[in-house]
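# Overview (structure and organization)
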Amino acid sequence: MEKSFTAMVIDNVGGQTRGGFRKITMGELPDYDVLVEVAYSTLNYKDGLAITGKGRIARRTPMIAGVDLAGTVVESRSPKWREGDKVVLNGWGLSETEWGAYVRYQRVKPEWLIPLPNGFSMLEAMAVGTAGYTSALCVDALERWGIAKPGKGEVIVTGAAGGVGSVAVALLSAQGYIVTASTGRPETRDYLASLGATGFIDRADLLEKGPPLQKERWTGAIDSVGSTTLVNLLAQTVRGGAVVACGLAGGADLNGTVFPHILRSVALIGVDSVVAPIEQRLAAWKRLERDLDKSKLRMMTTVEPMSRLPQLAEDIVAGRIRGRVVIDVASI
Ligand SMILES: NC(=O)c1ccc[n+]([C@@H]2O[C@H](COP(=O)([O-])OP(=O)(O)OC[C@H]3O[C@@H](n4cnc5c(N)ncnc54)[C@H](OP(=O)(O)O)[C@@H]3O)[C@@H](O)[C@H]2O)c1
């Protein structure tokens, strides 16, 4: 086992956090019970914010970035895991309060890990990553609310060409929902159609604030954009429908009215993947195992070496990444 390895580390320089590569030794890793050799990580919007310093993600420094990992257990002081087990970790504060995944080896708590889901290679599990597993949590939330049955009304996905959006489109269409994709990139329409979207709207249509109650259109919505987009979605959702909010790519504000809720019984459901309980995680991965077409997953995925993280971080924050990016942590 190597004694030192390269990590993407967030440091605080003169009050500004920013990521850069540096060597970490085995002895510096946290004293948690399971040592994992990381095969792949991913690029999520939050990783982009952490590395560029455009969002306050790392709560302490130095902090190793990266919120997702797939790898193999190398040592375990926990009865839950044995050397050789293939595992996945999504969230749990990695890159915020706990050292993250952009590193060859990491020590983690046993309860943060789940077994590599059935039918997924480590690369495929990271092609899903936090973004994709969050999409599954969102679809689960819509179904728990009881939105109209598949085929009985439109479900809209915003930020559709991004990571959460791409997987959400694929999962919803696999269940038979009529999916409308909202995107600011018209050149991605063929891509989104191949994932299962049948309707398209320009994201600009949702960026201008409209009346508090608008023409009822969506039986459900999965929103990774927030702000005025979210307010408009609520105003356009049918009586008894639901909007799941999981992101803020367009802004964190929510300046709307209660009218959709009190006059149309529209629900606003929040999803937080980071500390979701284990049963919800396993259910979400079960949905991914069942509904995510592997050829669609391949279509939305690119694999990049860890050395490209600084540029990729800029790209995802600027909304230039299509679909999902797997990070090969050994390539540095
Ligand atoms: N709640 C959770 O647990 C959780 C988990 C994962 C992610 N998230 C959040 O979900 C969001 C999406 O994450 P992601 O990894 O999918 O990121 P992503 O791949 O960058 O996708 C975000 C998409 O949003 C759209 N967008 C970007 N900037 C916009 C703007 N200014 N106005 C309107 N639309 C904009 C773009 O889609 P188009 O080009 O198609 O318009 C972009 O591809 C982020 O805010 C992230 O923090 C939350």
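For the structure itself, look to the data block above.
Only a predicted model underlies this, so the values are computations on that prediction, with no experimental measurement involved.

Further remarks concern the sheet that holds strand S14 (residues 267–270). Spatial ordering of the open sheet is given by S11-S10-S9-S12-S13-S14, a layout of six strands whose pairing is parallel. Here the strands that pair on one side only, and so sit at the sheet edges, are strand S11 (199–202) and S14. Neighbouring strand axes in the sheet, compared pairwise and without regard to direction, differ in orientation by 20° on average. In this structure, strand S12 (residues 218–223) lies alongside strand S13 (residues 237–245), joined through five bridges in parallel fashion. Note on S13: the bridge partner recorded for Ala-221 is Val-243. The strands touched by helix H3 (residues 163–174) within the sheet are strand S9 (154–158), strand S10 (178–183) and S12, with S9 carrying the most contacts at an inclination of about 165°. On the sheet, helix H5 (residues 227–236) packs against S9, S12, S13 and S14 and is oriented at approximately 155° with respect to S13.

With that settled, consider the site of the ligand. Neighbouring the ligand are 24 residues, the closest being Thr-183, Gly-184, Arg-185, Cys-246 and Ser-273. Residue Gly-162 places a main-chain N or O atom 3.4 Å away from an oxygen atom belonging to the ligand. One of the backbone nitrogen or oxygen atoms of Ala-249 is found 3.4 Å away from an oxygen atom of the ligand. Burial of the ligand by the surrounding chains reaches 89%, relative to a free accessible area of 910 Å². Contributing elements (two or more residues each) for the shell around the ligand: helix H2 (122–145) and H3. Its residues placed into classes, the shell around the ligand shows ten nonpolar, eleven polar and three charged.

This part takes up the pattern of salt bridges. By the definition in use, this model includes 18 salt bridges. In this structure, Glu-37 engages Arg-104 in a salt bridge whose closest nitrogen and oxygen atoms are separated by 3.3 Å. Residue Glu-37 is located in strand S3 (residues 34–43), and its partner Arg-104 is located in the loop between strand S6 (86–90) and strand S7 (105–108); the two are separated by 67 residues in the primary sequence. When its relative accessible area of 28% is taken as the criterion, Glu-37 is described as partly exposed.

Here the focus is the nonpolar core. The tendency in soluble globular proteins is for nonpolar side chains to be buried side by side. Grouped together as the largest cluster of nonpolar side chains are 49 residues, with contacts concentrated most on Trp-285, Leu-288 and Leu-292. For this core, the secondary-structure elements that each account for two or more residues are H2, S9, H3, S10, helix H4 (189–195), S13, S14 and helix H7 (278–291). Ranked by the residues each element gives to this core, the list is headed by H2, at twelve residues. Residues lining this core come from more than one domain, with at least three contributed by each of domain 1 (4–116 + 300–328) and domain 2 (131–270). Once residues within four sequence positions are removed from consideration, Trp-285 is found in contact with Val-88, Asn-90, Ile-114, Pro-117, Phe-120, Ala-125, Val-128 and Tyr-133.

Right, let's get into H5. Within H5, ten of the ten residues are buried, which leaves the element mostly enclosed by the surrounding structure. Every buried residue of H5 is accounted for by Ser-227, Thr-228, Thr-229, Leu-230, Val-231, Asn-232, Leu-233, Leu-234, Ala-235 and Gln-236. Its buried side turned inward, H5 meets S9, S12, S13, helix H6 (259–264) and S14.

About the criteria used
Residues numbered from 1 in each chain as written. Predicted model: local features only at pLDDT ≥ 70, side-chain atom pairs only at ≥ 80, totals over all residues. Heavy atoms only, no water. Pairing = 2+ DSSP bridges. Helix = DSSP H or I, 4+ residues; strand = E, 2+ residues; numbered from the N terminus. Axes fitted to C-alpha atoms, helices over the stretch in contact; angles between N-to-C directions. Contact = heavy atoms within 4.5 Å. Near = heavy atom within 4 Å. Polar contact = N/O pair within 3.5 Å; in protein donor to acceptor, adjacent residues only side chain to side chain. Areas by Shrake-Rupley, 256 points an atom, 1.4 Å probe, with all protein chains shown as cover. Nonpolar A, V, L, I, M, F, W, Y, C, P; charged D, E, K, R; others polar. Salt bridge = Lys/Arg side-chain N within 4 Å of Asp/Glu carboxyl O. Buried < 20%, exposed > 50% of the residue type's maximum accessible area, 1.4 Å probe, protein only. Core = buried A, V, L, I, M, F, W, Y, C linked by side-chain atoms within 4.5 Å. Domains from an automatic or database assignment.

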